[in-house]
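Below are the chains, spelled out letter by letter.
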Amino acid sequence: MVTMTSVNKHYGALHVLRDVNLTIGAGEVVVVIGPSGSGKSTLCRTINRLETIDTGTITLDGKPLPAEGKALANLRSEVGMVFQSFNLFAHKTILENVTLGPIKVRKLKREAAEKEAIALLERVGVATQKDKYPAQLSGGQQQRVAIARALAMKPKVILFDEPTSALDPEMVNEVLEVMTSLAKEGMTMVVVTHEMGFARKAADRVVFMADGQIVEEAEPNAFFTNPSSERARDFLSKILVH
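Keep in mind it's a predicted model, so treat the numbers as computed, not measured.

Trainee: Just give me the short version of the pattern of salt bridges, but keep the residues and values in it.
Mentor: Under the counting rule described, the total for this entry stands at 12 salt bridges. We note a salt bridge from Arg205 to Glu28, for which the minimum N-O separation is 2.9 Å. Placement of Arg205 in strand S9 (residues 205-210) and of Glu28 in the loop between strand S2 (14-24) and strand S3 (29-33) is noted, with a sequence separation of 177 residues between them. The burial state of Arg205 is the same as that of Glu28; both residues are buried. Between Lys156 and Asp61 there is a salt bridge; the shortest N-O distance is 2.9 Å. Linking Lys156 in the loop between helix H5 (139-152) and strand S7 (157-161) with Asp61 in the loop between strand S4 (55-60) and strand S5 (63-64), this pair joins segments that are 95 residues apart in sequence. Judged by its relative accessible area of 35%, Asp61 falls in the partly exposed class. Here the residues in one salt-bridge network are Lys9, Arg45 and Glu51, joined through shared partners.

This is the structure in structure tokens:
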């Protein structure tokens, strides 16, 4: 579904992605972990061209990512994104937030879009909040709305960029539960997260990054019990002791 080949990205003198090669199959859940500043979020954001790359290629479902214009807008509708900070429209109701994309981009009739949106809001457990505005919801509820909004576009893949890091601890699980159920349903997902429990439970593969490179990738059990690189062992020893 997603193929990254020899991808490089600089911010000025800083080399944030170094020759990254990664293939994500349809229906696969890939969790990207690593220390802060390792390039995880940048990697995630290059897949829908929120960040451009300097060299290399990225393809989605066999097609190269378009550079701009209508083709790029179409790509964005096929790649859902859930951000750290929800990014809901504050002046629109929850229902309007979820129906906006399908109506404007997919040209769905309002009635059909609302019916689908309510079903998605039910699925993520916030249908009773549909007429409220984002500020009236908890962070966990807002993030679940953001997931429903991504799903409303019927994307081929959803990118999650640290979706729980802005949440209070007691709200983290309600969002991870929704993500775990999506994983079980076969949604193709790329998840940048610090939640190791989610990585163990829901990932098909864990990708460990450090200093802009993919240091190792393995299925979760193998990675957490017996990482092959010194860098990963060091990282895990720091976070798993608590």
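Trainee: How would you summarise the nonpolar core if you had to cite specific residues and measurements?
Mentor: Among the nonpolar cores identified, the biggest contains 51 residues, and Ile33, Leu121, Ile147, Phe160, Met179, Met189 and Phe223 are the most heavily contacted of them. Contact partners of Phe160, with chain neighbours within four places excluded, come to Cys44, Val82, Ile147, Met179, Leu182, Met189, Val190, Val191 and Val192. If you look at the next biggest cluster of nonpolar residues, it comprises 26 residues, including Val30, Val32, Ile47 and Leu60.

Basis of the calculations
Residues numbered from 1 in each chain as written. Predicted model: local features only at pLDDT ≥ 70, side-chain atom pairs only at ≥ 80, totals over all residues. Heavy atoms only, no water. Salt bridge = Lys/Arg side-chain N within 4 Å of Asp/Glu carboxyl O. Helix = DSSP H or I, 4+ residues; strand = E, 2+ residues; numbered from the N terminus. Buried < 20%, exposed > 50% of the residue type's maximum accessible area, 1.4 Å probe, protein only. Core = buried A, V, L, I, M, F, W, Y, C linked by side-chain atoms within 4.5 Å. Contact = heavy atoms within 4.5 Å.

Geometric descriptors of this kind do not, in isolation, establish any biological role.
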